[in-house]
Amino acid sequence: MGLGTLDTASPSFMADFLKQCGGCAVIDGGFATELERHGANLNDPLWSAKCIVTSPQLVRRVHLDYLDAGANIIITASYQATIQGFEAKGLSREESEALLRKSVEIALEAKEIYREKCIKDSMDFAENERLSRCPILVAASIGSYGAYLADGSEYSGNYGDAVSLETLKEFHRRRLQILADAGPDLLAFETIPNKLEAQAYAELLEEENIKVPAWFSFNSKDGINVVSGDPISECALVAESYRQVVAVGINCTPPRYIHGLISSIRKVTSKPVLIYPNSGETYDPERKEWVPTTGTADEDFISYVGKWREAGASLFGGCCRTTPNTIRAISRALSQKSSAPTATLSSKTAVTNM
Ligand SMILES: [Zn+2]
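Regarding the protein, the UniProt comment filed under Cofactor (unreviewed entry) reads as follows: "Zn(2+)".

Have a look at this one:
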């Protein structure tokens with residue numbers, strides 16, 4: 001299935017993977033918001049991680065839906081799964097650690113089911129061809145300290161002076177070890193809100209001698225800086241000297257900012273650039289809901305894909321409020337290989353038919 005020739009420990013792992021995918025890969029779409037669309041109530045400090053406990057079948061189903069839609073990389077449900085968060089719910093240390101492992105196990109299971117389905121369904125030539133061309137990767141999600149706090153600071157990046165580099169490293173250390181040992185193909189540090197946390201991740205990868213390749217993905221609300229106000233160029237540069245970091249990019253950010261951010265990242269790194277924007281709506285942490293933004297055509301998400309590719313991104317997916325339909329449309333847009341991949345696609349359909 002291709003993976004036999006892909007060595008996650010090799011320095012050329014990401015380049016090899018992208019080559020097998022034809023130059024570009026597809027990441028999945030919004031995970032927590034997709035669980036919600038299926039009826040899960042995530043109004044909880046654990047957010048999507050609650051479903052690892054309450055609805056593992058639904059977690060697996062959403063992974064499978066994204067694979068069916070054309071994702072080459074699925075991201076685990078561990079974004080807001082932390083030992084501290086589970087312990088606050090009364091679980092023991094052992095139970096908490098087992099749940100972290102379980103998030104990876106469910107995604108690996110979905111990958112296996114999907115592969116078996118494709119093999120069995122030998123009549124489905126197109127699917128088989130896709131699989132043999134490009135392997136499926138499981139990326140273990142690591143959300144920020146702010147995501148654990150569940151107080152909106154993942155979108156402000158402001159942890160206050162009391163939170164130091166050491167605080168962040170100690171907060172993340174054990175979770176990182178457990179997720180890395182659970183057997184994912186990648187580690188996805190997602191929605192990184194400031195430079196300090198990126199630095200903490202980078203140092204941890206080295207100190208803990210983590211062998212699983214990682215990506216760093218930041219979020220922005222102005223297209224120039226990450227949400228804390230640290231310039232994206234400085235944040236992306238943190239990753240540059242760490243060989244364990246195999247891609248750098250942006251997630252959970254409105255589509256209208258992505259083009260400029262790709263250019264800024266490309267100026268400071270030659271690592272592959274990944275992007276998985278949200279639907280363009282804004283999360284209101286007080287109301288705990290997504291609200292529409294005015295004045296921009298963020299529903300044109302899919303129509304941007306060709307431009308993002310031209311700007312130098314090579315991994316594309318969606319974040320909050322995007323759906324398997326969005327991913328299917330991205331996958332098609334990329335495989336069309338034309339400079340105007342949206343000609344036959346209604347982007348509005350892709351994003352609003354949720
Ligand atoms: Zn998101």
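Chemist: Quick question: what am I supposed to make of the overall build of the protein here?
Modeler: Scanning the protein from terminus to terminus reveals 15 helices and 10 strands. Classification of the 354 residues of the protein by burial places 57% in the buried group. About 14,100 Å² of surface is accessible on the protein, with carbon and sulfur atoms providing 49% of the total.

Chemist: What is the right way to read the sheet that holds strand β3 (residues 137-142) from this model?
Modeler: Consider a sheet: its strands pair through backbone hydrogen bonds, and that pairing is either parallel or antiparallel. With parallel pairing, eight strands are arranged side by side in an open sheet as β1-β10-β7-β6-β5-β4-β3-β2. Two strands close off the open sheet at either side, each with one partner strand: β1 (25-26) and β2 (73-75). Both strand β5 (residues 214-218) and strand β6 (residues 245-251) contribute to a ladder of five bridges, which runs parallel. Residue pairing in the sheet places Phe-218 in a bridge with Ile-250 of β6. Across the sheet, helix α9 (residues 165-181) lies against β3 and β4 (186-192), angled at about 165° from β3, the strand it touches most.

Chemist: What's the story with the packing of α9 against helix α10 (residues 195-207) in this structure? I'm lost.
Modeler: Packed helices, taken two at a time, are described by their axes: the angle between them and the distance between them. Taken N-terminus to C-terminus, the directions of α9 and α10 make an angle of 50°; their axes are 9 Å apart at the nearest point. Put simply, α9 runs oblique to α10. Of the two elements, α9 crosses α10, and the hand of that crossing is right-handed. Between α9 and α10, the contacting residues are Leu-165, Leu-168, Lys-169, His-172, Arg-173 and Leu-176 on the first element and Leu-196, Glu-197, Gln-199, Ala-200, Tyr-201, Glu-203, Leu-204, Leu-205 and Glu-207 on the second. Among the residues forming the contact of α9 with α10, the class breakdown is eight nonpolar, two polar and five charged.

Chemist: How should I be thinking about the confidence of the model for the protein in this particular structure?
Modeler: Detailed reading of the predicted coordinates is not advisable wherever pLDDT is low. Looking at the protein, pLDDT values average 90 and 89% of them are 70 or higher. Across residues 338-354, where pLDDT falls below 50, the model places 31 contacts with residues more than four positions away in sequence or in other chains. With a pTM of 0.91, the predicted complex shows an ipTM of 0.98.

Chemist: What exactly am I supposed to notice about the nonpolar core here?
Modeler: In summary, soluble globular proteins display a tendency toward joint burial of nonpolar side chains. Core analysis: the biggest nonpolar cluster contains 111 residues, and Phe-17, Leu-187, Phe-189, Trp-215, Phe-216, Phe-218 and Leu-315 have the highest contact counts within it. For this core, the leading source of residues is helix α6 (residues 93-120), giving eight residues. Contacts of Phe-218, omitting those with residues within four sequence positions, involve Ile-192, Asn-194, Ala-198, Val-226, Ile-232, Cys-235, Ala-236, Val-248, Gly-249, Ile-250, Asn-251 and Thr-253. Within the second largest apolar cluster, six residues are counted, among which are Tyr-145, Tyr-159, Val-163 and Phe-171.

Chemist: Would you mind going over the packing of aromatic side chains with me for this structure?
Modeler: The geometry of an aromatic ring pair is captured by the separation of the ring centres together with the interplanar angle, meaning the angle of the planes. Counted according to the given criterion, the structure contains 13 aromatic pairs. Pairing Tyr-145 with Tyr-159 gives two aromatic rings, centres 5.2 Å apart and planes at 90°, and the pair type is edge-to-face. Of this pair, Tyr-145 sits in helix α8 (residues 145-149) while Tyr-159 sits in the loop between α8 and α9; the two residues are 14 residues apart in sequence, bridging distant segments of the chain. Residue classification places Tyr-145 among the buried positions, given a relative accessible area of 14%. We classify Tyr-159 as buried; its relative accessible area is 12%.

Chemist: Sorry if this is basic, but what is going on with the UniProt feature "binding site: Zn(2+)" (unreviewed entry) in the protein here?
Modeler: Following the UniProt record, the feature "binding site: Zn(2+)" (unreviewed entry) maps to Cys-252, Cys-319 and Cys-320 here. For this annotated set, covering 69 residues, all C-alpha atoms fall within 6.2 Å of each other, a compact arrangement in space. As for the annotated residues, the ones lining the largest cavity are Cys-252, Cys-319 and Cys-320. Sequence-distant contacts of Cys-252, that is, excluding residues within four places in its chain, are made with Tyr-155, Thr-191, Asn-219, Tyr-276, Pro-277, Asn-278, Trp-290, Cys-319 and Cys-320. Along the chain, Cys-319 turns up in the loop between β10 (313-316) and α14 (324-336). Taking relative accessible area as the criterion, Cys-319 reaches 10% and is therefore assigned buried. The contact partners of Cys-319, leaving out residues within four places of it in the chain, are Gly-29, Gly-30, Asn-251, Cys-252, Tyr-276, Pro-277 and Asn-278.

Chemist: Would you take a moment to explain the coordination of the zinc ion for this structure?
Modeler: Reference values for angles at a metal are 109.5 degrees in the four-donor tetrahedral case and 90 or 180 degrees in the six-donor octahedral case. Looking at the zinc ion, one finds its protein donor set to be Cys-252 (SG), Cys-319 (SG) and Cys-320 (SG), positioned 2.3 to 2.4 Å from the metal centre. In the primary sequence, the donor residues of the zinc ion line up as C-x66-C-C.

Cut-offs used in this document
- Residues numbered from 1 in each chain as written.
- Predicted model: local features only at pLDDT ≥ 70, side-chain atom pairs only at ≥ 80, totals over all residues.
- Heavy atoms only, no water.
- UniProt positions renumbered as here; feature names shortened; annotations may be inferred.
- Helix = DSSP H or I, 4+ residues; strand = E, 2+ residues; numbered from the N terminus.
- Buried < 20%, exposed > 50% of the residue type's maximum accessible area, 1.4 Å probe, protein only.
- Areas by Shrake-Rupley, 256 points an atom, 1.4 Å probe, with all protein chains shown as cover.
- Pairing = 2+ DSSP bridges.
- Contact = heavy atoms within 4.5 Å.
- Axes fitted to C-alpha atoms, helices over the stretch in contact; angles between N-to-C directions.
- Parallel < 35°, antiparallel > 145°, perpendicular 65-115°, else oblique.
- Left-handed = near helix turned anticlockwise from the far one by under 90°.
- Nonpolar A, V, L, I, M, F, W, Y, C, P; charged D, E, K, R; others polar.
- pLDDT = per-residue confidence, 0-100.
- Core = buried A, V, L, I, M, F, W, Y, C linked by side-chain atoms within 4.5 Å.
- Phe/Tyr/Trp six-rings, centres within 6.5 Å; stacked < 30°, edge-to-face > 60°.
- 1 Å grid on protein atoms, 1.4 Å probe; cavity = no way out; pocket = protein on both sides within 12 Å on 5 of 7 lines; lining within 4 Å.
- Donors = N, O, S within 2.8 Å, 3.2 Å for Na, K, Ca; no water.

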